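# Survey of secondary and tertiary structure
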Amino acid sequence: MPRLRLLLSVLLVLLALPAAASAAPSQVMTFEAPDELMSDADRDRTLDEIAGLGVSRVRALVYWRDFTAKPRSDKAPGFDLADPDRYPPGTWDLLDRLVAAAGARGIEVQLTLTTPGPDWATKKRNDGITRPSASQYGRWVTAVARRVGASVDLWSIMNEPNHPDFLAPQYSDGAPASPRIYRDLYVAAEKAIHGMPGGGRDKVLFGETAPIGNSNVVEPLVFLRGSLCLSSTYVRNTGCRKLRMEGFAHHAYARMGNPFFRSEDPDEVSIGSLDRLAKALDKAAKAGAIKQDRPIYLTEFGVQSYPDKTSGVPLHKQAEYLAISEHIAYVNPRVKAFSQYLMRDDSERKGLGGLERFGGFETGLRRSDGRKKPAYDGFMLPLRVSWAGASHVLWGRVRPATGSVEVTIQRDSGDGWKRLSITRTGTGGVFGLGTKARDGARYRVRWTRGDGATITGPPIRPY
């Protein structure tokens, strides 16, 4: 019995308490709602909703093609492309309004500057992704930074450059080609941002890699090594200089949303195998390719849910998997940001079946028609329940809380919901507790906001 109490005590420290050395108390939650935030009709309402959820940072993809001049022409415009004032009227309007609206609410903006680009900036002159010109990209990044850089200090270079939707070719003669193309783009962009007045203090993230690999997609760790001029055993090509990198951005989606999933391919990285990425960054630093202890930013993440029954999980499981995934990120000291991708599911393509019907993302907190999923309240009150011998260990947080607050923990063991505990959170809204396990038990959190409204989290099962 003393041994079980010791085990429970250790798990409470490692899994729950915000002051634990293994946790990252400064970790930031990022939210991405691309359709709404780039819409004049929905932006303000959505930013207010995001702020109400307790989120202080949004991520926006800035597509080169959408914020430039003559995107479908095969000839570059004849003006200084590094000067934002030379672009056609209205070029920057949507971006300006997003940055201003977020700033008015005290919400930080992370901008991911990405392809597809204008046809004139790519080798094929017709697809926006094939071997983009690094010099032209650098000029465009300079223009963006000059336009909004006074209000933005977190940047990411490219979205999923190891995926053929954003960069081509991924392979050439059977060997990965996209890593070296990306390196040139990154160097041009990093120099552009850090070369701006005051830009030397900005954070520029490397990667934004997709989690898997196949014959069309370069695995994230293969991509990392290739773009840092490292061999498969992390030996650096001395002809490549050390890169400045404030952090490595990654999209740690897991197959079927399972946070415990670890691919048999050692070069793939999902939420359950973040140790692979941390070790790869450490080896890259030891080889002299980057600085030591580079942090990880999980800049896009979600759990696919029903109505996609091919690759999604039931709605109650989405809420459980999101909480487990967040806890995995929370206790990892290398992870400086976690994220939620989508407020609202993409619209299904009616009349089609299978993968074609749900070709987008059903990772939202709301269904495509706007109805809340269990994950909506679960996002405000994430709760993970773990086994520890004959006990259950609970980790949770009240995301909107800015200080220590009181929460009620309830348990249903088959005889209805009953109060288990009234617990006070730490200053970051995080709490932890242990209790004797009961067969079939489910748990949930209730919290009363300052305005008197009570939020009840979804039922959570132990894993």
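Here goes a summary of the coordinates provided. Only a predicted model underlies this, so the values are computations on that prediction, with no experimental measurement involved. (Residues numbered from 1 in each chain as written. Predicted model: local features only at pLDDT ≥ 70, side-chain atom pairs only at ≥ 80, totals over all residues. Heavy atoms only, no water.)

Assigned secondary structure in the chain consists of 11 helices and 17 strands. A compact globule built from 463 residues would reach a C-alpha radius of gyration of about 23 Å, and the chain, at 23 Å, matches this within 12%. A principal-axis box enclosing the C-alpha atoms of the chain has dimensions of 75 × 50 × 50 Å. Accessible surface, the chain as shown: approximately 19300 Å² in total, 49% of it carbon and sulfur. (Helix = DSSP H or I, 4+ residues; strand = E, 2+ residues; numbered from the N terminus. Rg over C-alpha atoms; globule rule 2.2 N^0.38 Å. Areas by Shrake-Rupley, 256 points an atom, 1.4 Å probe, with all protein chains shown as cover.)

Tracing the sequence through the fold places G440 in the loop between strand 15 (430–436) and strand 16 (442–448). What makes G440 exposed here is its relative accessible area of 64%. Sequence separation between G440 and R461 is 21 residues, and the spatial gap between their C-alpha atoms is 8.0 Å. (Buried < 20%, exposed > 50% of the residue type's maximum accessible area, 1.4 Å probe, protein only.)

A full pass over the atoms with the stated rule returns one disulfide. C229 shares a disulfide with C240; S-S distance 2.0 Å. A torsion of -65° about the S-S bond marks the disulfide between C229 and C240 as left-handed. In this pair, C229 sits in the loop between helix 7 (220–227) and strand 8 (247–250) while C240 sits in the loop between helix 7 and strand 8, placing the two residues 11 residues apart along the sequence. The class of C229 is buried, set by a relative accessible area of 7%. (Disulfide = S-S within 2.5 Å.)

Below, the discussion takes up the side chain of R444. Along the chain, the position of R444 falls in strand 16. No salt bridge is formed by the buried R444; the nearest opposite charge belongs to D412, separated by 7.7 Å. A polar contact is formed between the side chain of R444 and the side chain of Q410, at a distance of 2.6 Å. Look past the residues within four positions of R444 in its chain and what remains in contact with it is L383, T408, I409, Q410, W417, T456, G457, P458 and P459. (Lys, Arg positive; Asp, Glu negative; His and termini not counted. Salt bridge = Lys/Arg side-chain N within 4 Å of Asp/Glu carboxyl O. Polar contact = N/O pair within 3.5 Å; in protein donor to acceptor, adjacent residues only side chain to side chain. Contact = heavy atoms within 4.5 Å.)

If you walk around this closed barrel you meet the eight strands as 1-2-3-4-7-8-9-10, and the pairing is parallel. Taking each pair of neighbouring strands and ignoring which way they run, the sheet shows an average axis angle of 30°. Pairing of strand 8 with strand 9 (residues 296–298) involves three bridges; the strand directions are parallel. Of the residues in strand 9, the one forming a bridge with H250 is L298. (Pairing = 2+ DSSP bridges. Axes fitted to C-alpha atoms, helices over the stretch in contact; angles between N-to-C directions.)

Now for the packing of aromatic side chains. In the structure shown here, the tally under the stated rule is 19 aromatic pairs. The interplanar angle of 35° and the centroid separation of 6.0 Å between the aromatic rings of Y137 and W140 together place this pair among those described as tilted. Residue Y137 and its partner W140 are both found in helix 5 (residues 134–148); the two are separated by three residues, about one turn of the helix. Consider the rings of Y330 and W395, whose centres lie 5.4 Å apart with planes at 45°: the pair is tilted. Residue Y330 is found in helix 9 (residues 315–330), and its partner W395 is found in strand 12 (residues 391–397); the two are separated by 65 residues along the sequence. Looking at W395, the relative accessible area reads 1%, which means it is buried. (Phe/Tyr/Trp six-rings, centres within 6.5 Å; stacked < 30°, edge-to-face > 60°.)

On to the pairing of strand 11 (residues 383–388), then. Most of strand 11 is tucked away: five of the six residues are buried. Across six bridges, the pairing between strand 11 and strand 12 is antiparallel. For R384, the partnering residue across the bridge sits in strand 12 and is W395. In textbook terms, the turn of a hairpin is the stretch between consecutive antiparallel strands, and for strand 11 and strand 12 this stretch comprises two residues, one of which, G389, has a positive phi near 65°.

Remember that the coordinates give geometry; whether it matters functionally is a separate question.
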